Amino acid sequence: MAIRTLGEHACHGGVQGFYSHESRACAAEMRFSVYRPPQAREGPVPVLWYLSGLTCTEETFPIKAGAQRFAAQHGLMLVAPDTSPRVRLPGDDAAWDFGLGAGFYVDATVAPWSAHYRTYSWVTAELRELVGALFPAEVSRQGIMGHSMGGHGALTLGLRHPDLYLSVSAFAPIVAPSQVPWGQKALQGYLGDDPTAWREHDATALVARRPRRDTIRIDQGTADAFLAKQLRPELFLEAAEAAGQRVEYHARDGYDHGYFFIQTFIAEHLAFHAQQLVP
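Description of the structure in this document. Only a predicted model underlies this, so the values are computations on that prediction, with no experimental measurement involved. (Residues numbered from 1 in each chain as written. Predicted model: local features only at pLDDT ≥ 70, side-chain atom pairs only at ≥ 80, totals over all residues. Heavy atoms only, no water.)

Here the focus is the overall build of the protein chain. A count of helices and strands for the protein chain gives ten helices and nine strands. The C-alpha radius of gyration computed for the protein chain amounts to 17 Å, which stays within 12% of the reference 19 Å derived for 279 residues, consistent with globular compactness. With the C-alpha coordinates of the protein chain rotated into their principal frame, the extents come out at 50 × 40 × 35 Å. The buried share among the 279 residues of the protein chain stands at 58%. Pairs at least 24 apart in sequence give 72% of the contacts found in the protein chain among residues at least 6 apart. Here the protein chain displays about 10,800 Å² of accessible surface, and carbon together with sulfur accounts for 52% of that area. Treating the 24 positive side-chain charges of the protein chain as one cloud and the 29 negative ones as another, the clouds have centres 2 Å apart. (Helix = DSSP H or I, 4+ residues; strand = E, 2+ residues; numbered from the N terminus. Rg over C-alpha atoms; globule rule 2.2 N^0.38 Å. Buried < 20%, exposed > 50% of the residue type's maximum accessible area, 1.4 Å probe, protein only. Contact = heavy atoms within 4.5 Å. Areas by Shrake-Rupley, 256 points an atom, 1.4 Å probe, with all protein chains shown as cover. Lys, Arg positive; Asp, Glu negative; His and termini not counted. Charge placed at Lys NZ, Arg CZ, Asp CG, Glu CD.)

And the structure:
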């Protein structure tokens, strides 16, 4: 469980760190970031995972979101994994929405991606174990959130593992990847043509079968250029209502898909998670 420290910086009374380790799941060196709030000096603190979107890295959220200030107030550790392995494969940079920076938080079963693109297992098992062992993390109190592709990841991981993630939220998530171009491209490319495999990574399909007992929070900008074609929140909301899943949905007038949107409402999301994670 050795890690390599790429950099550490004092931030809002705590420490923002950037790290890498040799991942068994991905058979590659994988990068991630951890913010340790000042409360972590006294003992383990709850953990909030943030899954980033297409083209992002482990640096995007800690640099752009301004979340550390609020994590310090609530005593939350923030963990942000990279969005894909960085092992070079043929065609991995042919498109910005597949391959490098676009792992979609699944375990690929189609070659050549299956050799390294196993970010589902990395996030839910290996990296979770590593963070619990090497950082002052309260492993029994963890939540998950994400943006866009990472919102898809947060919803699907949260629905599949309610025992691991006690709170779930998302910014502008891809809620129905089986029904939109971004998701269809990724799921077919990583998982093949069998739609049964796709449904295990589709939040709209999952919530219909496995609703959580708590409330899921989603924020969506109304001026998001990807709203109508790629995000389709109405599909998830309809399925959630039919399944009895409570959803706190906020349509944010005039906000787009980027980090100015996330900066504006990140405090509300951290407060939402803190209510469920902080004793």
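A separate point is the sheet that holds strand S1 (residues 4-11). Across the sheet, which stays open at both edges, the nine strands sit in the order S1-S2-S3-S5-S4-S6-S7-S8-S9 with mixed pairing between neighbours. Taken across any chain shown, the strands that pair with only one partner, and hence form the sheet edges, are S1 and strand S9 (246-252). Adjacent strand axes in the sheet meet at a mean angle of 20 degrees when their direction is disregarded. Bridge count for S1 against strand S2 (residues 14-23) is seven bridges, and the pairing is antiparallel. Residue pairing across strands places Cys11 opposite Gly14, the latter belonging to S2. Where helix H3 (residues 119-134) meets the sheet, it contacts S2, strand S3 (28-36), strand S4 (45-51), strand S5 (77-81) and strand S6 (137-147), and its direction lies at approximately 120 degrees from that of S2. (Pairing = 2+ DSSP bridges. Axes fitted to C-alpha atoms, helices over the stretch in contact; angles between N-to-C directions.)

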